[in-house]
Amino acid sequence: MNKRKCGLLTCAAALSIIIPVAAQAQSAPAQPAADDQASAPQPAATDSGVGDIIVTAQRRSENLQKVPIVVTALNNTQLTRSGVVSLPTLSLVAPGLNSRTSGGGVFQPSIRGIGTSSNVVENPVALYIDGVYLANQNESNRELPDVEQIAVLKGPQGTLFGRNSTGGVIQITTKRPTQEFGGQVKAEIDNYATLRTGAYVTGGVAKDLAASMSVDYATQGRGWGTNLVTGHDTFKLAHSLSLRGKLLYEPSADTSLLLIGDYMDRKQYTYTFVPYPGTSFVGPRTLSAGKQDTASPIDPYAAYHGGGVSLTAEHRLSFAKLTSITAYRQGTTSYLFDDAPSGTPIFYVGVAPGNQPNKSFS
């Protein structure tokens, strides 16, 4: 059993000064900031100048052009147009970010060459969703169903995000519930017969209470390669289910309480160990074998299921804004690998479902 507890009882309350970011009419288009903002996408200029992009890179809402940090920020529309449907594809639009998926199906990003190849440590590129830190790398490989904005902060962020973010930070902000009823439904087919479906709905429940719910499901019809022994596909997403529910209570214009619950269930078939793509550790390979093909009596896989709950409390004072985020997460990981792939069983490595739990409280 491998049990991890990350950030035990590190309850944090951030007190920050409110910075007004309302757009104002200008006689000439606003000039972009220094080159630290060159990578951040900006909306098209209008007669009133460049529109505002609000980020929370410094744990408070600010205009991106005024943040002295190298940030790439993209909203939902930009992500959709760029074909970014999951975290591993985020490197398509974020310069300096490299995406790697390990044999255990773990998303392991690196920024400017800073990252890790280990699955059992905290990644130097920290992942935050709605202000909550996800310490366990096994739940980082996920789809992006109801994203409002993604910001990639480059370089060490120790002052604001702690020792675990020496490479950078990936911030994901999901859609906030609204009193006005709305929603969307999507269905699409990607390469390798990958089906992605999802739905999002939001609306008012009571006078001061709004709610939202999102569901996303993805599955891959064909794998990138074939297991030459079993005949089954390799590098194939069996299924990925994501659920997220939110309740927003706003008793006054200055106070809000946001309760969030989420769950993820993901399983994918991965590859067996090979010294180099297209080669074999034990025994000859078939002439027709491709670089993504393997040879093993088993079908290696990696799976994770779990989730968490968080409460974000905000209160606007006369001179500042008080924010407190408390979260609890738990899940379990399972996997099975062939470390000496051949036509006969030699050396397997695996963890049965439920035998590798993780918990975190922050």
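Above this text you will find the structure in question.
All values derive from a computational prediction rather than experimental measurement.

### A few points about the overall build of the chain
What the chain contains, in helices and strands, is 2 helices and 22 strands. When burial is assessed residue by residue, the chain has 43% of its 362 residues classed as buried. Within the chain, counting contacts between residues at least 6 apart in sequence, those at least 24 apart form 63% of the total. For the chain, the exposed surface amounts to about 17900 Å²; the carbon and sulfur share of it is 58%.

### Describing the packing of aromatic side chains
Within the structure shown, the criterion is met by 5 aromatic pairs. Relative to F161, the ring of Y128 has its centre 5.1 Å away and its plane inclined at 65°; by these criteria the two rings are edge-to-face. With Y128 in strand β8 (residues 125-129) and F161 in helix α2 (residues 158-161), the pair connects residues that are 33 residues apart, well separated along the chain. Taking 6.3 Å as the distance between ring centres and 45° as the angle between the ring planes, the aromatic pair formed by Y192 and W224 counts as tilted. On the criterion of sequence distance, the pair formed by Y192 in the loop between β12 (182-190) and β13 (194-206) and W224 in the loop between β14 (209-220) and β15 (225-226) is long-range, its members being 32 residues apart.

### A word on the pattern of salt bridges
Under the definition given, this model contains 10 salt bridges. A salt bridge links K246 to D130; the nearest nitrogen and oxygen atoms lie 3.6 Å apart. In this pair, K246 sits in strand β17 (residues 236-252) while D130 sits in the loop between β8 and β9 (132-133), placing the two residues 116 residues apart along the sequence. Accessibility classification places K246 together with D130 in one group, the buried group. Among the salt bridges present, the one from D262 reaches R329, with a minimum N-O distance of 2.9 Å. Of this pair, D262 sits in strand β18 (residues 255-269) while R329 is found in strand β20 (residues 321-338), placing the two residues 67 residues apart along the sequence. For the pair D262 and R329, one class covers both residues: buried. Look at the salt bridges and you will find they share partners, linking E139, R142, D262 and R329 into a network.

### Points about the nonpolar core
With 20 residues, the main nonpolar core has L87, L90, I150, I170 and I172 as its most contacted residues. Listing elements by their share of this core, those giving two or more residues are β8, β10 (147-154) and β11 (168-174). Core analysis: the next-biggest nonpolar cluster, separate from the first, contains 11 residues, Y133, L153, F161 and V169 among them.

### Considering the pairing of β10
Taken across its 8 residues, β10 has 7 buried, putting it largely inside the fold. Across 5 bridges, strand β5 (residues 71-75) lies against β10 in antiparallel orientation. Across the sheet, the residue bridging to T72 is V152, located in β10. Across 7 bridges, β10 lies against β11 in antiparallel orientation. Bridging from a neighbouring strand, I150 pairs with I172 of β11.

### A closer look at the side chain of R196
Tracing the chain through its elements places R196 in strand β13. Within the structure, the side chain of R196 is placed 2.3 Å from the side chain of E143, a separation counted as a polar contact. With residues up to four places along the chain from it excluded, the contact list for R196 reads V85, E143, K186, A187, E188, D190, Y217 and A218.

What counts, and at which threshold
- Residues numbered from 1 in each chain as written.
- Predicted model: local features only at pLDDT ≥ 70, side-chain atom pairs only at ≥ 80, totals over all residues.
- Heavy atoms only, no water.
- Helix = DSSP H or I, 4+ residues; strand = E, 2+ residues; numbered from the N terminus.
- Buried < 20%, exposed > 50% of the residue type's maximum accessible area, 1.4 Å probe, protein only.
- Contact = heavy atoms within 4.5 Å.
- Areas by Shrake-Rupley, 256 points an atom, 1.4 Å probe, with all protein chains shown as cover.
- Phe/Tyr/Trp six-rings, centres within 6.5 Å; stacked < 30°, edge-to-face > 60°.
- Salt bridge = Lys/Arg side-chain N within 4 Å of Asp/Glu carboxyl O.
- Core = buried A, V, L, I, M, F, W, Y, C linked by side-chain atoms within 4.5 Å.
- Pairing = 2+ DSSP bridges.
- Polar contact = N/O pair within 3.5 Å; in protein donor to acceptor, adjacent residues only side chain to side chain.

Read these as geometric descriptors, not functional statements.
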